[in-house]
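An overview of the molecular structure
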Amino acid sequence: MGAIITKPYFPEVSNCIKYEGQGSDNPLAFKYYDADRVVAGKTMKQHLKFAVAFWHTMKGTGSDPFGGGVYDRPWNQGATTLDVARHTLDAAFEFFGKLTVPHWCFHDRDIAPEGSSIAESARYLQEIVNHADVLQKATGCTLLWGTANLFSHPRYTHGAATNPDPLVMGHAAAQVRQAIDATIQLNGQGYTFWGGREGYTSLINTNMKQEREQLAAFLCMARDYAHSQGFKGALYIEPKPGEPMTHQYDYDAATVLSFLREFDLMDDFRLNIEANHSTLAGHTFAHDLMVAASAGMLGSVDANAGAILGWDTDEYPTNLYDNVWAVLVVLKMGGFTTGGFNFDAKVRRGSFDTIDLFYGHISGMDTLAHSLLIADKIIQDGEMDLYLEARYAGYKEGIGAKILKGDVTLVELEDWAASQGEPEKISARQELRESLFNRYIYSGVVK
Ligand code: XUL
Ligand code: CO
């Protein structure tokens, strides 16, 4: 990582965070994330492709549904809103450098203020993107993905692309057009569409069929624009089941895949799966990742964790079990290409200090690095794969293989079953499998 080029907004951390190993009791050191350590043919840095989310880290205020902001951030100062934006970006790149993350992610309205017209907003964004360009070149930290905030402004209350008023979609088009340009200028590897308010609260006033068609039409326009500008990165849809709307059109991975198939968009979009969104949809994180990966559609991951509160609490990932599964799915699909692990996570309301931002990210990075070592060990040992192969062996040859090839009729299958009699009752050994899996988790597998 390049030199720190701004005044220190984080004086409590004077140097870059280093790997000190499991024996270290330094809270400002990595215990597992050793960026250059090679695992399964790539460095940890290349596998995990960590990104910091600008919105939570730099713009988070600690507000919740019961109270407003509580943090005093030293970068929240300046004569104009553009000055504040510049200082916030300087502070962000100081943070990225000290944390040694290779990437970051932003929404247009996180990094630049909204103007009083489309043209003024575009000017503000361009100024700030030019500044980000300089900071990226100076530090080596680059954009994982960009996006547009199509949910905070009051005009988006009834949705952006799914709004009954095409003028609202027009404003969304302006933001997405400008945010795609910003992503291209900053060499972003991807561009994300999270639905925001694309959903509804009641069918009593909603034409669901048309709203979904509007959304598809909007995504087509955005895709065509990105391609016309030579954008080579990936376009992602990020599923989420509810919040802010009661019913979100991008409920979960399976719903998004079906939407993309319905509107013939499978070749143009991939999925960005977020842990806390999967659990809000009633799934595990691993389930949604597996649904996306099985369809060859897993693009990137928003790493975080939910709590029992029942809303999107966006905590840092600290749970080895869930994250070993996540890394397993990523390794088995051959790793990320354009995507990575973006920490869509924030410090708790009571974690007032800027140093808490370091503790949160260090903890998340170590959890995923540790998970990488364990997932690699599971794959190397091959025991889990052997078990799965044995369990599905009936489909490897004979009638099973013919079924998968589509070479058997229903009647032929009936005749075969009649000749075989009752199937054996074979235990799925779930309890044994769980205990074997835990051996990997608890052995720690490091050194
Ligand atoms: C909202 C969420 C967003 C997206 C980007 O729950 O996850 O921050 O990741 O718009
Ligand atoms: Co997210």
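Residues numbered from 1 in each chain as written. Chains lettered and ligands numbered in written order. Predicted model: local features only at pLDDT ≥ 70, side-chain atom pairs only at ≥ 80, totals over all residues. Heavy atoms only, no water.

1. Concerning the sheet that holds strand β7 (residues 142-147)
- Taken in spatial order, the 8 strands line up as β5-β6-β7-β8-β10-β12-β13-β14 and close into a barrel, and their pairing is parallel. Ignoring which end each strand starts from, the neighbouring axes of this sheet average 30 degrees apart.
- With 3 bridges connecting them, strand β13 (residues 298-303) and strand β14 (residues 341-343) associate as parallel partners. Within β14, the position partnered with alanine 303 by the bridge is phenylalanine 343.
- The strands touched by helix α6 (residues 166-185) within the sheet are β6 (103-107), β7 and β8 (190-194), with β8 carrying the most contacts at an inclination of about 150 degrees. (Pairing = 2+ DSSP bridges. Helix = DSSP H or I, 4+ residues; strand = E, 2+ residues; numbered from the N terminus. Axes fitted to C-alpha atoms, helices over the stretch in contact; angles between N-to-C directions. Contact = heavy atoms within 4.5 Å.)

2. Section: the coordination of the cobalt ion (ligand 2)
- Taken together, the protein ligands of the cobalt ion (ligand 2) are Glu238 (OE), Glu274 (OE), Asp302 (OD) and Asp344 (OD), with distances of 1.9 to 2.2 Å.
- Given 6 donor atoms and angles of 79 to 172 degrees at the metal, the environment of the cobalt ion (ligand 2) is assigned as octahedral.
- Here the donor residues of the cobalt ion (ligand 2) are spaced in sequence according to E-x35-E-x27-D-x41-D. Residue aspartate 302 is found in strand β13, and its partner aspartate 344 is found in the loop between β14 and α12 (355-381); the two are separated by 42 residues along the sequence. Take aspartate 302 and aspartate 344: they sit in the same class, and that class is buried. (Donors = N, O, S within 2.8 Å, 3.2 Å for Na, K, Ca; no water. Tetrahedral: all angles 85-135°; square planar, octahedral: opposite > 155°, others 65-115°. Buried < 20%, exposed > 50% of the residue type's maximum accessible area, 1.4 Å probe, protein only.)

3. Examining empty space enclosed by the protein
- Scanning all chains against the criterion turns up 2 cavities of 30 Å³ or more.
- A volume near 160 Å³ is recorded for the largest cavity.
- Lining of the largest cavity is provided by 16 residues; of these, Phe193, Trp194, Gly195, Glu198 and Leu215 occupy positions nearest its centre.
- At the level of elements, β8 and α7 (208-228) are the ones that each hand at least two residues to the lining of the largest cavity.
- At 4 residues, β8 tops the list of elements feeding residues into the lining of the largest cavity.
- Split into classes, the residues belonging to the lining of the largest cavity amount to 11 nonpolar, 3 polar and 2 charged.
- Reported here for the second largest cavity is a volume of approximately 30 Å³. (1 Å grid on protein atoms, 1.4 Å probe; cavity = no way out; pocket = protein on both sides within 12 Å on 5 of 7 lines; lining within 4 Å. Points joined across faces, edges and corners; volume = space filled by probe spheres on them. Nonpolar A, V, L, I, M, F, W, Y, C, P; charged D, E, K, R; others polar.)

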